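# Commentary on secondary and tertiary structure
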Amino acid sequence: MPFRISPFWWPVLGVASPIILPFLAVKNKRFKKNCGIALDLNKNRIDNAEPFELPELEFLELTILVEEKAEEGYLGDAGVSYLFRTNLGSLLFDVGFGPERPALAHNAAKLGVNMDQVDSLVISHLHPDHMGGLKASLLNNVSLPKELGLPNGKPCFLPAKSEAKGFECEQIDSPQLLNAGIASTGPLARGLFFLGLTEEQALFAHVKNKGVVIFTGCGHPTIELIVQMVKRLSNIDIYAIGGGLHFPVTGGRGNRMGIQIQTIMGTGKPVWQKITDDDLSNTVASLNDIEPKKVFLSGHDSCDHSLERMKHELNAETEVLKAGVTYRL
Ligand SMILES: [Zn+2]
Ligand SMILES: [Zn+2]
């Protein structure tokens, strides 16, 4: 694995260590506290989750607007934006880096997608690669490229307190049906070393004659926990699982200035520990136990090594999501 922080930075880190080490100690204390809070929150939420009826969808079609991997002519980016269309409507899941990078505007235009065709927006979690960029994250305000058109007060379902200019914002605090026949697991929490207590919601829906389809954003709460919640909410067999699982084992995406941000941020481990092949093996085993028929992997937060391993080791029919492609689930 290449260095998570380039040797170029090591002298700087050495000189700054009298500041960095106490800072990391404070962060670690808060991280441990947040891990405890997340554990309690999630246990409570799962214990108290009430099953509800999911509409049986005639079809569910998924068009990938932003992903790390892309079809020829489309731009790849280390973010996520998925458009779900069903016989009951449409729902946009996340907006990648929004106006900060060209992928969403370019790919949406090429696919002929704009806000007129979107009934609602769902944000999985408030990280820059899902809510519209670093500025959106710092301002806590979801941001879309203007080329997509105006939201005109359409609903935006958020997993935590945030704004989304032009939308009618609704903070989701428990599992519920959103729109287009697609439901949210409600927020599930994860303590992250630098990013703090992170709330993330995943989507799930029931496709006729197939079963339940689950889609995650970054998958920070872990797919195991997300599936545990979905199983509390519905007893229908799981047909497909898709989205981010966060396995930057041999390297991260979107590296900046010699720093592999994804291997340091968002792993759910202290900064000095890596996500390992053993971690991936455990999740592969869990997914094989769950027995979905299909798995759709996101390359935006998993390295090629992890994607290849999953493609070979998962029993499910497995493919890597690509921007520009429409999948019929
Ligand atoms: Zn992500
Ligand atoms: Zn994230």
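Look a little higher up for the structure.
So, here is what we can say about the structure in this document. (Residues numbered from 1 in each chain as written. Chains lettered and ligands numbered in written order. Predicted model: local features only at pLDDT ≥ 70, side-chain atom pairs only at ≥ 80, totals over all residues. Heavy atoms only, no water.)

This part covers the pattern of salt bridges. With the rule as written, the count across this model stands at 13 salt bridges. With its nearest N and O atoms 2.9 Å apart, the salt bridge here joins arginine 45 to glutamate 199. Of the two residues, arginine 45 sits in helix H1 (residues 10-48) while glutamate 199 sits in strand S13 (residues 196-200), which places them 154 residues apart along the sequence. Judged by relative accessible area, glutamate 199 falls into the buried class, the value being 16%. One network of salt bridges, with partners in common, ties together Glu61, Arg85 and Arg328. (Salt bridge = Lys/Arg side-chain N within 4 Å of Asp/Glu carboxyl O. Helix = DSSP H or I, 4+ residues; strand = E, 2+ residues; numbered from the N terminus. Buried < 20%, exposed > 50% of the residue type's maximum accessible area, 1.4 Å probe, protein only.)

The coordination sphere of the zinc ion (ligand 1), as far as protein atoms go, consists of Asp129 (OD), His130 (NE2), Cys218 (SG) and His300 (NE2), spread over 2.0 to 2.1 Å. Expressed as a motif, the donor residue spacing for the zinc ion (ligand 1) is D-H-x87-C-x81-H. (Donors = N, O, S within 2.8 Å, 3.2 Å for Na, K, Ca; no water.)

Despite not being glycine, alanine 180 has its phi angle at roughly 60 degrees, a positive value. When you line up the elements, alanine 180 lands in the loop between strand S10 (176-177) and strand S11 (183-184). A positive phi angle, close to 85 degrees, is found at threonine 222, a residue other than glycine. Relative to the helices and strands, threonine 222 resides in the loop between strand S15 (211-216) and helix H5 (223-233). Residue class for threonine 222 comes out partly exposed when judged on its relative accessible area of 26%.

For the rest of this paragraph, the subject is the side chain of glutamate 200. Relative to the helices and strands, glutamate 200 is located in strand S13. Buried and without a salt bridge, glutamate 200 has arginine 190 as its closest oppositely charged side chain, separated by 8.3 Å. Only 2.8 Å separates the side chain of glutamate 200 from the backbone nitrogen of glycine 219, close enough to count as a polar contact. Non-local contacts of glutamate 200, meaning those with residues more than four positions away in its chain, are made with Ser124, His125, Pro159, Gly186, Pro187, Leu188, Thr216, Gly217, Cys218, Gly219, His220 and Pro221. (Lys, Arg positive; Asp, Glu negative; His and termini not counted. Polar contact = N/O pair within 3.5 Å; in protein donor to acceptor, adjacent residues only side chain to side chain. Contact = heavy atoms within 4.5 Å.)

For the rest of this paragraph, the subject is the pairing of strand S16 (residues 238-243). In terms of burial, S16 is largely enclosed, as six of its six residues are buried. Relative to S16, S15 is paired through five bridges, and the arrangement is parallel. Of the residues in S16, the one forming a bridge with isoleucine 214 is isoleucine 241. Here S16 pairs with strand S17 (residues 294-297) via four bridges, running parallel. Among the inter-strand pairings, glycine 242 is bridged to a residue of S17, identified as phenylalanine 296. (Pairing = 2+ DSSP bridges.)

What follows covers the nonpolar core. Ranked by size, the top nonpolar core spans 34 residues in total, and within it Phe204, Ile214 and Ile241 carry the most contacts. If you list the elements that add at least two residues to this core, you get S15, H5, S16, helix H7 (277-290), S17 and helix H8 (304-313). By residue number, the principal contributor to this core is H5, which donates seven residues. Core analysis: the second largest hydrophobic core is formed by 29 residues, Leu57, Ile64, Phe84 and Leu178 among them. (Core = buried A, V, L, I, M, F, W, Y, C linked by side-chain atoms within 4.5 Å.)

Attention now goes to the sheet that holds strand S9 (residues 168-171). With respect to topology, seven strands assemble into an open sheet ordered S9-S7-S5-S4-S3-S2-S19, the strand pairing being mixed. Among the strands making up the open sheet, the edge pair consists of S9 and strand S19 (326-328). When the angles between neighbouring strand axes are averaged without regard to direction, this sheet yields 20 degrees. Bridge count for strand S2 (residues 60-66) against S19 is three bridges, and the pairing is antiparallel. Paired with glutamate 61 across the two strands is arginine 328, which belongs to S19. Each of S2 and strand S3 (81-86) touches helix H2 (residues 103-111); the most contacted strand, S2, lies at about 135 degrees to it. (Axes fitted to C-alpha atoms, helices over the stretch in contact; angles between N-to-C directions.)

In this section: the pairing of S13. Two faces, one strand: in a regular strand the side chains alternate between the faces of the sheet. In terms of burial, S13 is largely enclosed, as four of its five residues are buried. Direction of pairing for strand S12 (residues 188-192) relative to S13: antiparallel, over a ladder of five bridges. Across the sheet, residue alanine 189 finds its bridge partner in S13, namely glutamate 199.

This part takes up the coordination of the zinc ion (ligand 2). Around the zinc ion (ligand 2), the protein contributes the donor atoms His125 (NE2), His127 (ND1), Cys218 (SG) and His220 (NE2), at 2.1 to 2.7 Å from the metal centre. Coordination at the zinc ion (ligand 2) comes from four donor atoms whose angles at the metal span 90 to 171 degrees, giving a geometry best classed as irregular. As a motif over one chain, the donors of the zinc ion (ligand 2) read H-x1-H-x90-C-x1-H. Between the zinc ion (ligand 2) and the zinc ion (ligand 1) the interatomic distance amounts to 3.9 Å, and cysteine 218 serves as a bridging ligand to the pair. Residue histidine 127 is located in the loop between strand S5 (120-122) and helix H3 (128-131), and its partner histidine 220 is located in the loop between S15 and H5; the two are separated by 93 residues in the primary sequence. (Tetrahedral: all angles 85-135°; square planar, octahedral: opposite > 155°, others 65-115°.)

Residue position: leucine 148 is located in the loop between strand S6 (141-142) and strand S7 (155-158). Sequence separation between leucine 148 and isoleucine 214 is 66 residues; the distance between their C-alpha atoms is 26 Å. Discounting chain neighbours no more than four positions away, the residues touching leucine 148 are Leu104, Ala105, Ala108, Asn114 and Met115.

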